[in-house]
Amino acid sequence: MIALLLLLLSVCSIQGSTQLDASELDKAALWRRCSFMWVYPTLAEANRSGALSLHTLPKLAANDQPTTLYKRFAAQLRGVHSLSAMRLLVKTFVASQPRVFWQCVLAGWTFLGCMFADPNLLRILLANGEAHDGEARPEDPVKALAHLLFNLGIGLCLSLSMLLRTTLMEICYFTSVRTANNARSQLIISVFRSAVTSSSSSSSSSSSSAAGMGAAAEGGHLTNLMATDADSVGNASGLVWCFACWTFSLCTIPFVIYLMWTLLGNAAFVGCAAFLASNFCAG
């Protein structure tokens, strides 16, 4: 039920746009987004021509427009005088693009939920088969049919879980890369706007040309360093992916321990203690 709820939230967050000038991603229906068919025209054109040109690239989605991202980021920084590294990451990855970020996280939680459910479904299937084999013969035809339908239902759930898991895993990673690229866009725009503004003010207030040139050189050096850092943030394509996996794993630890206890008894606690102790010693 939790996985289905998260899937519903993911679906609600990726509704297609009806605007004529919208990008291919915004106009794509749900099945085209899940199968990445919205990018097929671009790949077909690249295959025909042997290369991609500027006019064949798809338009940026509305949530990926650099101007929109910068305005949101500037609104988040209004009235803020200093930021720690963590708060800066939160504002660039979450606050300025919440829809894209939570789409990635919800897709990640749902595909991990399917992975969490698969062993339990398989255990139910095997336990039902063992219980059926242990019954006396001959068996009731109605009961045999119900048993068959139950096994087919569990098998269908496993197949759907695998399909859903694979689809949402790809969506999660794609959206994680998209979130990182958006963060780089807003950071680079902010860095260069700040550099141009500060260099103009320092040049106008400087009393000598030498001092003005020195200030400009120092500002250019700092701008290059900040642009390099912003590019490093954009290269962290798996950051949101890792965040989704880490949060889901942390929240499901009690359930994992409980399932281990149902299978192994009190020996599960001994195994967990040995695992934690070995990790602590290795660290």
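This text follows the structure it describes.
Residues numbered from 1 in each chain as written. Predicted model: local features only at pLDDT ≥ 70, side-chain atom pairs only at ≥ 80, totals over all residues. Heavy atoms only, no water.

### Describing the packing of helix α5 (residues 66-77) against helix α6 (residues 85-95)
For the pair α5 and α6, the least separation of the axes is 10 Å and the interaxial angle reads 140°. What the angle tells us is that α5 and α6 run oblique. Between α5 and α6 lies a crossing whose hand is right-handed. Counting all contacts with α5, which are made through Phe 73, Gln 76 and Leu 77, the residues of α6 involved are Leu 88, Lys 91, Thr 92 and Ala 95. A breakdown of the residues in the contact of α5 with α6 according to their chemical character gives four nonpolar, two polar and one charged. (Axes fitted to C-alpha atoms, helices over the stretch in contact; angles between N-to-C directions. Helix = DSSP H or I, 4+ residues; strand = E, 2+ residues; numbered from the N terminus. Parallel < 35°, antiparallel > 145°, perpendicular 65-115°, else oblique. Left-handed = near helix turned anticlockwise from the far one by under 90°. Contact = heavy atoms within 4.5 Å. Nonpolar A, V, L, I, M, F, W, Y, C, P; charged D, E, K, R; others polar.)

### With respect to helix α10 (residues 239-251)
Spanning 13 residues, α10 covers 18 Å between terminal C-alpha atoms, matching the ideal 18 Å at 1.5 Å per step. Val 240, Ala 244, Cys 245, Thr 247 and Phe 248 are the residues of α10 that are buried. Summarising the axial view, the buried residues of α10 lie within an arc of 165°, below the 170-degree limit, and thus occupy one face. (Expected span 1.5 Å × (residues − 1). Buried < 20%, exposed > 50% of the residue type's maximum accessible area, 1.4 Å probe, protein only. Arc of directions from axis to C-beta.)

### Description of the packing of aromatic side chains
By the definition in use, this model includes eight aromatic pairs. For the ring pair Trp 38 and Phe 174, a centre distance of 5.9 Å and an interplane angle of 55° mean the geometry is tilted. Separated by 136 residues along the polypeptide, Trp 38 in the loop between α3 (30-35) and α4 (40-49) and Phe 174 in helix α8 (residues 141-205) bring together distant segments of the chain. You can call Trp 38 buried: its relative accessible area is 11%. Ring plane angle 35° and centroid distance 6.1 Å describe the contact between Tyr 258 and Trp 261, whose orientation is recorded as tilted. Linking Tyr 258 with Trp 261, this pair stays in helix α11 (residues 253-264), spanning three residues, or about one helical turn. (Phe/Tyr/Trp six-rings, centres within 6.5 Å; stacked < 30°, edge-to-face > 60°.)

### Quick notes on a nonpolar patch on the surface
Side chains of Met 86, Leu 89, Val 90 and Leu 239 sit close together on the surface and give an oily, nonpolar patch of about 340 Å² of accessible area. Residue contributions to the nonpolar patch peak at three residues, all from α6. Take Val 90: it is sitting in helix α6. (Patch = residues over 30% accessible without salt bridge, like charges linked within 9 Å, V, L, I, M, F, W, Y side chains within 5 Å. Areas by Shrake-Rupley, 256 points an atom, 1.4 Å probe, with all protein chains shown as cover. Salt bridge = Lys/Arg side-chain N within 4 Å of Asp/Glu carboxyl O.)

### Considering the pattern of salt bridges
Opposite charge on two side chains lets them pair, provided their charged atoms get close. Under the counting rule described, the total for this entry stands at four salt bridges. For the salt bridge of Glu 45 with Arg 48, the shortest nitrogen-to-oxygen distance reads 2.8 Å. Taken together, the residues Glu 45 and Arg 48, both in helix α4 and three residues apart, mark about one turn of the helix. Taking relative accessible area as the criterion, Arg 48 reaches 62% and is therefore assigned exposed.

### Concerning the packing of α10 against α11
The N-to-C vectors of α10 and α11 enclose an angle of 50°; their axes lie 4 Å apart at closest approach. The angle between α10 and α11 falls in the class oblique. Judged by residue contacts, Ser 249, Leu 250 and Cys 251 of α10 engage Ile 253, Pro 254 and Phe 255 from α11.

### Side note on the side chain of Gln 186
On the secondary structure map, Gln 186 appears in helix α8. Looking at Gln 186, the relative accessible area reads 0%, which means it is buried. Here Thr 92 takes part through its backbone oxygen, which lies 3.0 Å from a polar atom of the side chain of Gln 186. (Polar contact = N/O pair within 3.5 Å; in protein donor to acceptor, adjacent residues only side chain to side chain.)

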